[in-house]
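Coordinate analysis (summary)
Now for the letters of each chain:
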Amino acid sequence: DLFRQLKFRDPARARALAEALRHNMDAIGREVSVMHVCGSHEQAIARFGLRAVLPPGLELIMGPGCPVCVTDGPEVDEAVALAMQGVRVCTYGDMLRLPGTARSLADAQADGGKVEVVYSISQAVELAHAHPDEQVVFLASGFETTAVATAAVALASPPPNFSILSVHKYVPAAMEIVAASKETHIEGYIAAGHAAIITGWAIFEPFAARTGAPVVVAGFEPLDILAALVKLTELIREGRPEVANVYPRCVTKEGNLPAQRSLWRAFRTVTGRWRGIAEVPGGNLELVPELASLDARKRFRIDTAGVRDAAAEEEAKGCLCGRIMLGLATPEHCALFGTTCVPESPVGACMVSSEGQCRIWHTYGGVP
Ligand code: SF4
């Protein structure tokens, strides 16, 4: 770890990259907005204060990069309803306090619902083995990176009392929504290195060609992100809507082919709602018909009527999560940020998750 820190957090190299960035922006000669779509990138940017070294005129915006945040309220309602009808619902810790339209899984747990926090889907399978008389449902959240782990279990004949409630999301589909937005003018994108380890960097080539916006795949150390910004501004300056990979130590053009095969053997993309954003064509991952017996939505009649309250949704409380995830606002635009809405009592999803921008800015500060 020390070696990595010395190599990828070296101040002299950071200064050189900041200088190259300034040079590129001087050559462009106007304001430029670029977007990253990853909570881990935002954590690094905020933690290391990288916005403080950006040249004037370069705006680095976080997009829909927090998988917990984009899980829609009605999707949480489904898990809450299952927990309240006696099913043991297992999920990752970040999902526990994520609000549904009216209640969270933590609320359901407090009301006697069976809710278990697990560190992996394998742990949920172990619980199914340990409780053969119960139905165990894994609320499967996360982007394609996490969906690969879900796929591996789904394809490995889990016990008959185990099923999956998939709220997995597919990032490239959301980038299309942002690119199509008339409210933003994003000229380039930084893509998440961990997702690209699975998908490969070539997956972004059609997007770059179609939208005219270059994409740079980046790792998560400060120098990775600065190097990505240098490359991105270079491509913008030269008018080249290409894909570049500045994370070659982990990402290849093709990606992890066995993981991709198992992902697409288990899932297919469908249109789904992302919290606060919109319907995203191809944005959700649903189990394929061949695995329907593992699909909690097919196995159970999920009645959310008793746990749903559209009037109580975050937007009605003044939460700007939707606009933040589209890159149209920052936490500082929200009147509730740091006052009514804090990590201990979050109003919206962006303050719940450690990958949410409000939570990150509350922890590290956002703009210099
Ligand atoms: Fe929503 Fe809270 Fe963020 Fe405001 S500070 S946008 S209420 S999560």
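This structure is a prediction, so every number in the text was calculated from the model and none was measured.

Right, let's talk about the sheet that holds strand 6 (residues 162-166) for a bit. Strand pairing in a sheet takes place through backbone hydrogen bonds and is either antiparallel or parallel in direction. A sheet is described by the order of its strands in space; here 4 strands give the open sequence 4-3-5-6, paired in parallel fashion. Two strands bound the open sheet, and with one partner strand each, they are strand 4 (115-117) and strand 6. Direction aside, neighbouring strands of the sheet carry axes that sit 25 degrees apart on average. Here 3 bridges tie strand 3 (residues 88-91) to strand 4, and the two strands are oriented parallel to one another. Its bridge partner being in strand 4, Thr 91 is matched across the sheet by Val 117.

Take the domain arrangement of the chain next. Assigned domains of the chain: these are domain 1 (1-314) and domain 2 (315-364). Of note, the centres of domain 1 and domain 2, computed from C-alpha atoms alone, are 17 Å apart. On the domain 2 side, the residues contacting the 31 residues of domain 1 number 24 residues. Counting only elements with at least two residues in the side of domain 1 that touches domain 2, the list comes to helix 3 (39-47) and strand 2 (58-62). Broken down by class, the residue content of the side of domain 1 that touches domain 2 amounts to 16 nonpolar, 7 polar and 8 charged.

In terms of residue burial, helix 7 (residues 144-154) counts as a mostly covered element, since 8 of its 11 residues are buried. Taken as a whole, helix 7 has its buried residues at Glu 144, Thr 146, Ala 147, Val 148, Thr 150, Ala 151, Val 153 and Ala 154.

Orientation of helix 3 relative to helix 16 (residues 357-364), taken along the N-to-C sense of each, is 20 degrees, at an axis distance of 9 Å. Taken together, the axes of helix 3 and helix 16 lie roughly parallel to each other. The crossing of helix 3 and helix 16 is right-handed. Between helix 3, through Glu 42, Gln 43, Ala 46 and Arg 47, and helix 16, the contact on the second element is made entirely by Gln 357, Ile 360, Trp 361 and Tyr 364.

Moving on, we get to the site of the ligand. Inspection of the region around the ligand gives 15 residues, with Cys 319, Cys 334, Cys 341, Gly 348 and Cys 358 positioned closest. Across the shell around the ligand, the residue classes break down as 14 nonpolar, 1 polar and no charged.

Another point: the environment of Val 217. By the secondary structure assignment, Val 217 is in strand 8 (residues 215-218). For Val 217, a count of 28 C-beta atoms within 10 Å gives the class buried. Residues Val 217 and Ala 196 lie 21 residues apart in sequence; the distance between their C-alpha atoms is 7.3 Å. Setting aside residues no more than four positions away along its own chain, Val 217 makes contact with Ala 191, Gly 193, Ala 196, Trp 201, Asn 245, Val 246, Tyr 247 and Val 251.

Moving on to the sheet that holds strand 9 (residues 243-245). On the basis of which strands lie adjacent, the open sheet formed by 5 strands has the order 2-1-7-8-9 and parallel pairing. Strands with a single pairing partner mark the edges of an open sheet, and in this sheet they are strand 2 and strand 9. Here the strands of the sheet are splayed against their neighbours by 25 degrees on average, with no regard to which way each runs. Across 3 bridges, strand 8 lies against strand 9 in parallel orientation. Each residue of the ladder has a partner; that of Val 217, found in strand 9, is Asn 245.

So, about unusual backbone geometry. The phi dihedral of Ser 157 is positive, around 50 degrees, even though this residue is not glycine. One can find Ser 157 in the loop between helix 7 and strand 6. Among the residues examined, Ser 157 registers 9 C-beta atoms within 10 Å and is labelled exposed.

The rules we used
Along each chain, the written sequence defines residue order, and numbers are assigned to residues from 1. Only residues with pLDDT of at least 70 are given local features in this predicted model, and only at 80 or more are side-chain atom pairs given and counted; all residues enter the totals for whole chains, interfaces and linings. Strands are treated as partners if at least two bridges between them are detected by DSSP. Only DSSP runs of H or I covering at least 4 residues are called helices, and only runs of E covering at least 2 are called strands; the numbering of each starts at the N terminus. Axes here refer to lines fitted to C-alpha atoms; in helices the fit is confined to the stretch in contact. Angles between the N-to-C directions go from 0 to 180 degrees. Per the annotation, domain bounds derive from an automatic or database assignment of domains. Residues are scored as being in contact if the C-beta atoms we place from backbone atoms lie within 7 Å. Classes in brief: Ala, Val, Leu, Ile, Met, Phe, Trp, Tyr, Cys and Pro nonpolar; Asp, Glu, Lys and Arg charged; the others, Gly included, polar. Residue burial here comes from a neighbour count, namely the number of other C-beta atoms, placed from the backbone, that lie within 10 Å of the residue's own C-beta, with 20 or more meaning buried, 12 or fewer meaning exposed, and in between meaning partly exposed. For classification purposes, angles smaller than 35 degrees are called roughly parallel, those larger than 145 roughly antiparallel, those between 65 and 115 roughly perpendicular, and all remaining angles oblique. By the definition used in this description, the sense in which the near helix is turned from the far one sets the handedness, with an anticlockwise turn below a right angle giving left-handed and a clockwise turn giving right-handed. Each residue gets a C-beta atom placed from its backbone. Should that atom fall within 6 Å of a molecule or strand, the residue is termed near it.

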